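# A structural walkthrough
Each chain is listed here by its residues.
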Amino acid sequence: MKPVNFDYARPSEVASAIRYLAQDGVSAKIIAGGQSLGPMLNMRLVQPDLIVDITAIEELRSVQDRSDAIVIGACVSHSDIEDRRVPDVTRGAMASVASGIAYRAVRNRGTIGGSLTHADPSADWISILAALGADVTLNGSGGSRTIAVENYMVGALEADIAQSELLVSITVPKLSASARWGYYKSCRKTGEFAHAIGAFLTDPDRGVSRAVIGATETRPFVMTDAAALIGDGRNPERVFDQDAVGRLCESLGMTDPIDRQTHVVALRRAIERAH
Amino acid sequence: MKEQGVGASLPRKEDDRFLRGRGEYVADIRMAGMKDVAFLRSPLAHARVRGVHVPDAVRGQVFSAQDLKGVRPIVAVSGLAGFKPSEQPVLAHDKVRQVGELIAMCLADTRAQAEDVAAQVEADLEELPAVHDMLAARRPDSALLHEQWGDNVFLETFVDKNFEAALDAPIKVTRVISTARQSMAPLEGRGTVAFWDKRKEQLVLHTGSQMPHIVRTGLAECLGLEHGQVRIVSPDVGGGFGYKGILLPEDVCLGWLAMRCGHAVRWIEDRREHLTAGANCREHHYVITGYADRDGRLRGIDCEATVDSGAYSSYPFSACLEAAQVASILPGPYDFPSYRCRTWSVATNKCPILPYRGVARTGVCFALELVLDAIAREAGIEPHEVRMKNLVRPEQMPFDNITNKHFDSGDYPDALKRAMAAIDLDAIRARQQRPEPGGRLIGIGQAIYCEQGAHGTSVYAGWGIPMVPGHEQATARMTPDGGLELRIGAHSHGQSMETTMAQIAHEILGIDTGSIKVVHGDTEYTPYSTGTWGSRSAVMSGGAVATASRELGELAKGIGAHLLQAKREDVKLEAGFVVGPAGRVSLKEVARTWYLRPQDLPAGVDPRGLDTTIGYKPVRDSGTFSYAAHIAVVAVDPEIGDIEILDYVIVEDGGKLINPMVVDGQIYGGLAQGIGTALYEEMNFDTSGQPLASTFADYLLPGPTEVPAPRLEHMETLAPYTEFGVKGIGEGGAIAPPAAIGNAVNDALKGLGAELLHSPITPRRVLEAIANAATDPAKVGEAA
Amino acid sequence: MNTVSLIANGRKVSADVEPRTHLADFLRDTQNLTGTHLGCEHGVCGACTLLIDGAPARSCITFAVACENAEIITIEGLDDDEIAAELRAAFTREHGLQCGYCTPGMIVSARDVVMRLQEPSEHDIRVAMSGNLCRCTGYVGIIRAIQGVIEDRRARGIAAIPGGGRTSLGPAGAGRAGAVARASAAARIALKTDASETTPAPSHSASLSADWKPQMSFNQSFVVSHPVDDVWRFFGRIEDVASCLPGASLAGAPVSGHVQGRIRVKVGPISAEFQGAAEIDRDDATRTGRISGSGKDKRSGSATRGLVGYAVKPGENPGETRVDVSIGYTLTGMLAQFGRSGLVEDVASRLIKAFVANLEARLAHEARGGRSETLSLPVRELDAGSLISSVVFGRFRRLFARLFGRN
């Protein structure tokens, strides 16, 4: 189980990475930690001409602390967040979720940007960052653009990224002291992919109330105004309407009743176990 | 130095090299000029091979069936009446009958490059309808794998013991029960490194094998070599579990190539090959009916069992061992008067099966024990009461059961009693009446089995497969410095035999285990043996080592007596010394005398010196019968379908334990695999025979959070026929967990009317069973 | 070839390897450090776990070339390590190993757990060790050994080091070396060129035997705002129909109902190109048709067979046409051999949506008198957003989820 041969480049600047990606007639793939691409290469599911390793680009391995948000470079690893080498502005949400991604040895190399760009519906970052209201910033030959994380993922394994674009950072808003968040994922075994994810955030001081149903067959279902559904994130038994959420899932294409049940329960438990 | 002998939890001699990464597995062998092999394998489950197209650029690096002239197919027959043999081609020529079947062997400097070569070779295949379902395969309109058979059945067996007498029983419970196909998944896959030894004119083939001598026989037959021209070396082996108990076509291919190419060649199975192309196991289907009286006494069992044997009869165990074994072991540890069982070993377009840890027992135990609990529910009594009424009683031992199995010893009811005593049943029943946090449901389940091990000649002669165990031999040989070499034909790949065999020799000779070297895994240096399988090595190789050590002791006493100027009959062996009436002489001194100072030996000294090879058979070779009671307490989450094991109790009787720490380890490891069978592991196929798990992300192995630390208690009822009273226990841990956990889940869900009858019990199956029970109570028992 | 230099067990080593060489093979094959074992080569089993710049990482999915200048410690490099020595003694005492194959990775991960976790519960240790699979021991001895070492060290006043003392951000091992320009791999195999341009399309028949049953099947209906005769005529022009299917193209015009072509599909980083042939049947009387086809993706050794049936009938409103489509297909080979997905209906629906969008656009364009080559179809590529996954890729979603949802 060995990859096909490929060429390798390791630029030290975003611009030069983009130049590699923009070459015509070359199937180039970006690699960061390689924890998703590596297996696919080994299995020859992916057979690129060129691998562009972006981990030597310093700005992608850095973090900027702004007044209202923190900007995390795309190559920051899951364990960087788990260990809080990245300052926590999410009342522990990101560190907690990071610690549940796959296994420690994977978290030591896997990156937040790689995970988002891989656009796996079952991955953790897409769901929790959608709940937190994060944005992603991409650079390309045409300039830079910033979009909401839930819009970055357009479908299973498809991110809104052009061949010559590079995800450079993730902007996570700072939560207020009164914010509450919850996250629940259902896996058959530790470190295994999620069959259902529920996530929510209420931040009354900032007027934010978001809920996410993730690990669907496609992009997560994101409710950007979820106040009616989750209330203040307390006492879900009073507010949370299981049937309504089930109908919502069905309307979004989740036809299998067991899938629906599992996802609805995941969101309810996320609220029950809020922090 | 008693703490090193039989019964001591001696730390393992093999640990240090493994803990420092100094083990040597097949893939670690380095040879100058060695090249790598990758195979082009069939992407289709069933197809006619119209041709193999090799591009000019790689000609000379690619070998297909037409190159392997004179190589015979792998044939594993059974002597059972009506068995239809298959021919497993080494490289496919006429048809392919499973995904992953070998089509071409591709050679290059590295594995990556060999895969590049394989990617350029194209097989022209004409797809044929795939036989993917063993029940459908039995129907007359099914496509055929082996056309000359006229059907897809390797073997059908039937046994009827006074079955009619059970029919008027007041309780009759029928269930359709099945276990998923599994992959054995040792952490190390298969692998082969082969070269032709010019000096010895001998093919040397390193392959991770549980049975190097059997591989030699099979390989010699396929390649048309004399046994003396083949040497099999099985180095450190990263787990076997049955998977490394067969001759692979890959072994034959590499052997053929090594004889011709002038350099060493290597093939290392990767995980995808293991999961999609290597042998599988465990796929059973039962339609089983239990007949009982109102008090739970069993009147009879009726069963139709089908085993999916895959495309070919694998060497040496054959395609029929498993199903035929079902018929003989289904009665389990119970005594009842009527029995009927029909079995089919069915050929399908899947990998061949081979006996995985527990062989047919895991499926049999699952089927029978689930039915016993169903009978208990029907009768309205506790499940353990049903078992107590039917278990063979200690005063019946030794006991010949309804299928003529000779249970050698033990107290089965006591094992169950002890296990029940470890669990507070009343507290659990009370807890079940109260709501649990999160709405979880608590259940308790039990299972009890007996495990035949160390099957002897009388058992295997009847199967008529290529391999019948006879006397097991061992060599005991002192070295000039007073150390001891033990040579055994079995292979240790986790079983700790480098330690336990030394303990046995120490028990008899008193030589420090640190100075005892166990040699295994090389046909050149070890006595012939059928190898390591069927929970036999501790009994058979252990018995052989004991016998050889005693014989060696006698030889040493002869020399020692002379050195002590004592009479032969006045000396004894004690703690590494020959002790006479007036003094003692160490075995070291005895060895030095034999090897280095022969001038000091008496004229009539036994010319065998300090070197003996001798065979061993238990007093009666019908096998040892260890047994265990398992009890699981689980919590089922009826909203998500998760199952958590809250408590797990095992009471096991393995006879005398040579090294209790090692025995515990075998049971813990077996339990983990049993939990895999119960809850996680499943090799699915689609209707075109495509395997649907090619990674460990699809095929889930239990990890540290999925396996609890069980509470384990031993009984040590000595086996009457073996050295020290040892019984084989290597497989037992893997037998009962699916049944115990299945019964616990069903106990938890009984209030909802849901019943799980298919392993693994996945969250989806749990939720489906609950949903089915809610919408259609009549369907309970047929679902899943 | 790339020259890779790194520090292995304290020794500076360097070797020329292809960029595709993963770190485990680099160490095993060029440095004879065979203590690092390969158990799955997709990052799940943990047997290959070693330390990269002090942090445990999977050497089977980390390329050697990406570890330039990094410090690698394998099991062989832990002989004199204090924690490893304590673990070795504890593993022996607690019988934490049997066959020994998982053991090197186990020790490396265990060392990290001992170092990082201050007072873990047994469950915490199990969770922390969940990335290392053992098939022999049932984990009992392993967990006890680790727990024993931790308790012992804490009792001796040795505190845990949170995060293992790491300070830099980014993947372990990254950032130790500067830029490297694109370096060529060794001779690329011929296969890497587009197969369709170097080898003729397979000549095998596209027809399916009467008893062929698809692995997956579904039905879909849609309505287009065009008269039924136009739609029926349109469906007779297979090249136009094909052009509405994103990624599909024909090798030429159909000859007596037989046509050759290919469809390129792409899901995330994976792309495949199925080349094959199709047979077309049409019945003017019932306005029904069948397209049966088969194709092969040479790169993955995968193949697909499929059957599309369609019926064209008047819609509920005048000028509308209802089209009922039934699609069945079977996929074989490497691309098929993963867990099945529940996504198929969803993907199929998106496929049909894209097809309908294109069909609508084309019919509208023709109604305006436009020529087909001047039309720009709304959905041209089988990626980003629109319909993305081909139907045949539906079943992969689970695999990706399981295996790759964690970069």
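From a predicted model like this one, the values you see are computed outputs, not experimental measurements.

Assigned secondary structure in chain A consists of twelve helices and 14 strands. By the compact-globule yardstick of 19 Å for 275 residues, chain A fits well, its C-alpha radius of gyration being 19 Å. Principal axes of the C-alpha set define a box for chain A whose edges measure 60 × 45 × 35 Å. The proportion of buried residues among the 275 residues of chain A is 70%. Of the contacts made within chain A by residues no fewer than 6 positions apart, 62% connect residues no fewer than 24 positions apart. Element-wise, carbon and sulfur atoms account for 44% of the exposed surface of chain A, whose accessible area totals about 8400 Å². Taken together, the 29 basic and 33 acidic charged side chains of chain A have centroids lying 5 Å from each other.

Turning next to the domain arrangement of chain A. All names here are of chain A. Each assigned domain of chain A is listed here: domain 1 (7-53), domain 2 (58-173) and domain 3 (180-272). When each unit is reduced to the centre of its C-alpha atoms, the spacing between domain 1 and domain 2 is 19 Å. Listed as interface residues are 13 residues of domain 1 and, on the opposing side, 18 residues of domain 2. Here domain 1 packs against domain 2, burying approximately 1200 Å² in sum over the two surfaces, 67% of which is carbon and sulfur.

This next bit is on the domain arrangement of chain B. Interface extent is often summarised as the accessible area lost during association of the parts. Residue and element names in this part refer to chain B. When cut into domains, chain B gives domain 1 (2-21 + 471-616), domain 2 (31-130 + 190-237 + 244-276) and domain 3 (284-457 + 620-684 + 692-779). For domain 1 versus domain 3, the distance between C-alpha centres works out to 39 Å. With 29 residues of domain 1 at the contact, the number on the domain 3 side is 24 residues. Carbon and sulfur atoms make up 65% of the area that domain 1 and domain 3 hide from each other, which totals about 1800 Å². Taken as a group, Val 6, Ser 535 and Val 539 account for 28% of the area that domain 1 buries against domain 3, more than any other trio of residues on that side. Where domain 1 touches domain 3, the interface holds one salt bridge. At the surface where domain 1 touches domain 3, the tally comes to 13 residue pairs in polar contact (both at pLDDT 80 or more).

We now examine helix 8 (residues 361-379) of chain B. Residues and elements named next belong to chain B. In a regular helix each residue adds 1.5 Å, so 19 residues correspond to 27 Å; helix 8 covers 26 Å between its end C-alpha atoms and thus fits that length. The buried count for helix 8 comes to 17 of 19 residues, which makes it a mostly enclosed element. Positive phi appears at Gly 380, one or two residues downstream of helix 8, with a value of about 70 degrees.

With that settled, the discussion passes to the interface of chain A and chain C. Contact with chain A, which involves 83 residues of that partner, is made by 82 residues of chain C. In total, chain A and chain C occlude about 6800 Å² of area from one another, counting both sides; carbon and sulfur atoms represent 54% of this. For chain A, the biggest contributors to the area lost against chain C are Asn5(A), Arg10(A) and Arg109(A); these three give 11% of the whole. At the surface where chain A touches chain C, the tally comes to three salt bridges. Across the salt bridge formed by Glu41(C) and Lys2(A), the nearest N and O atoms sit 2.8 Å from each other.

Turning to the environment of Tyr339(B), a few remarks are in order. Residue and element names in this part refer to chain B. Mapped onto the elements, Tyr 339 comes out in strand 15 (residues 338-346). The buried category is assigned to Tyr 339, whose relative accessible area is 0%. For the pair Tyr 339 and Ala 502, spaced 163 residues apart in sequence, the C-alpha to C-alpha distance is 45 Å. Setting aside residues up to four positions removed in sequence, Tyr 339 forms contacts with Val 159, Asp 160, Lys 161, Phe 163, Ile 301, Val 326, Ala 327, Leu 330, Pro 331, Ile 402 and Thr 403. Reaching out from Tyr 339, the side chain makes a polar contact with the backbone oxygen of Ala 327 at a distance of 2.6 Å.

Attention shifts here to the interface of chain B and chain A. In this complex, chain B contributes 28 residues to the contact, which on the side of chain A involves 20 residues. Summing both partners gives a buried area of about 2000 Å² for chain B against chain A, and 48% of it is carried by carbon and sulfur. There are seven salt bridges connecting chain B and chain A. The salt bridge involving Arg269(A) is made with Asp637(B); its shortest N-O contact spans 2.7 Å. Counting across the chain B and chain A interface gives 16 residue pairs in polar contact (both at pLDDT 80 or more). Those elements giving two or more residues to the side of chain B that touches chain A turn out to be helix 2 (111-120), helix 6 (271-276), helix 16 (660-680) and helix 18 (763-775) of chain B. Per-element tally for the side of chain B that touches chain A: the top contributor is helix 2 of chain B, with five residues. Classifying every residue of the side of chain B that touches chain A by side-chain character gives eleven nonpolar, five polar and twelve charged.

Residue and element names in this part refer to chain A. Residues Leu 50 and Val 52 of strand 3 (residues 50-53) are buried on one face, and the alternating residues Ile 51 and Asp 53, pointing to the opposite face, are buried as well. Alignment of strand 1 (residues 7-10) against strand 3, held across three bridges, turns out to be parallel. Within strand 3, the position partnered with Ala 9 by the bridge is Val 52. Note that strand 2 (residues 28-31) and strand 3 share four bridges and pair parallel. The partner of Ile 30 across the bridge, within strand 3, is Val 52. In this fold, the crossover linking strand 2 to strand 3 by way of helix 2 (residues 37-42) has right-handed handedness.

Averaged over every residue, the pLDDT of chain B is 96; residues scoring 70 or more account for 99%. As a predicted assembly, this complex carries a pTM of 0.94 together with an ipTM value of 0.97.

What follows is about the sheet that holds strand 3 (residues 49-52) of chain C. All names here are of chain C. Taken in spatial order, the five strands make up an open sheet running 2-1-5-3-4, and their pairing is mixed. Each edge of the sheet is formed by a strand with only one pairing partner; in this case those strands are strand 2 (11-17) and strand 4 (55-58). Going from strand to strand, the sheet's axes swing by 40 degrees on average, the running direction of each strand aside. Across two bridges, strand 1 (residues 2-8) lies against strand 5 (residues 71-73) in parallel orientation. The residue bridging Ile 7 from the neighbouring strand is Glu 71, located in strand 5. In this fold helix 1 (residues 23-30) packs onto strand 1, strand 2, strand 3 and strand 5, with an angle of close to 100 degrees to the strand it touches most, strand 2. Along the sheet, helix 3 (residues 103-116) contacts strand 3 and strand 4; its crossing angle with strand 3, the most-contacted strand, is approximately 50 degrees.

As a further point, take unusual backbone geometry. Each neighbour pair has its own omega, and for Tyr315(B) with Pro316(B) the value is 5 degrees, a cis peptide bond. Locating Pro316(B) in the fold gives a position in the loop between strand 14 (298-308) and helix 7 (321-329). For the bond from Ser759(B) to Pro760(B), the omega torsion is 0 degrees, close enough to zero to count as cis. As for its placement among the helices and strands, Pro760(B) is situated in the loop between strand 29 (758-759) and helix 18. Here Glu201(B), not a glycine, exhibits a phi torsion of approximately 50 degrees, which is positive. Within the secondary structure, Glu201(B) sits in the loop between strand 9 (191-197) and strand 10 (202-207). Here Asn69(C), not a glycine, exhibits a phi torsion of approximately 70 degrees, which is positive.

All right, on to the nonpolar core then. Judged by nonpolar contacts, the single largest core of 190 residues is most densely connected at Leu116(A), Trp125(A), Leu129(A), Val172(A), Met105(B), Phe91(C) and Ile146(C). Among the elements that make up this core, the one with the highest residue count is helix 16 of chain B (eight residues). Apart from the residues within four sequence positions on either side, Leu116(A) is in contact with Trp125(A), Ile126(A), Leu129(A), Val136(A), Val149(A), Tyr152(A), Ala159(A), Leu167(A) and Ile170(A). In this structure, Val364(B), Tyr412(B), Ile444(B) and Ile631(B) belong to the second largest nonpolar core, which totals 63 residues.

Right, let's get into the sheet that holds strand 1 (residues 35-41) of chain B. Residue and element names in this part refer to chain B. The sheet built from seven strands is open, its strands ordered 3-5-1-12-9-10-11 with mixed pairing. Looking at the sheet topology across the chains shown, the edges are occupied by strand 3 (62-64) and strand 11 (230-233). Adjacent strand axes in the sheet meet at a mean angle of 25 degrees when their direction is disregarded. Note: strand 1 against strand 12 (residues 265-268), two bridges, orientation parallel.

All names here are of chain A. Orientation of helix 11 (residues 242-251) relative to helix 12 (residues 257-272), taken along the N-to-C sense of each, is 125 degrees, at an axis distance of 9 Å. Classified by the angle between their axes, helix 11 and helix 12 sit oblique to one another. The handedness of the crossing between helix 11 and helix 12 comes out as right-handed. Contacts between helix 11 and helix 12 involve Gln 242, Val 245, Gly 246, Cys 249 and Glu 250 on the former and, on the latter, Arg 260, Val 264, Leu 267 and Arg 268. Split by residue class, the contact of helix 11 with helix 12 holds four nonpolar, two polar and three charged.

Criteria and thresholds
Residues numbered from 1 in each chain as written. Chains lettered and ligands numbered in written order. Predicted model: local features only at pLDDT ≥ 70, side-chain atom pairs only at ≥ 80, totals over all residues. Heavy atoms only, no water. Helix = DSSP H or I, 4+ residues; strand = E, 2+ residues; numbered from the N terminus. Rg over C-alpha atoms; globule rule 2.2 N^0.38 Å. Buried < 20%, exposed > 50% of the residue type's maximum accessible area, 1.4 Å probe, protein only. Contact = heavy atoms within 4.5 Å. Areas by Shrake-Rupley, 256 points an atom, 1.4 Å probe, with all protein chains shown as cover. Lys, Arg positive; Asp, Glu negative; His and termini not counted. Charge placed at Lys NZ, Arg CZ, Asp CG, Glu CD. Domains from an automatic or database assignment. Buried area = accessible area lost by both parts, 1.4 Å probe. Salt bridge = Lys/Arg side-chain N within 4 Å of Asp/Glu carboxyl O. Polar contact = N/O pair within 3.5 Å; in protein donor to acceptor, adjacent residues only side chain to side chain. Expected span 1.5 Å × (residues − 1). Nonpolar A, V, L, I, M, F, W, Y, C, P; charged D, E, K, R; others polar. Pairing = 2+ DSSP bridges. Right-handed = clockwise from strand over helix to strand, strands pointing away. pLDDT = per-residue confidence, 0-100. Axes fitted to C-alpha atoms, helices over the stretch in contact; angles between N-to-C directions. Core = buried A, V, L, I, M, F, W, Y, C linked by side-chain atoms within 4.5 Å. Parallel < 35°, antiparallel > 145°, perpendicular 65-115°, else oblique. Left-handed = near helix turned anticlockwise from the far one by under 90°.

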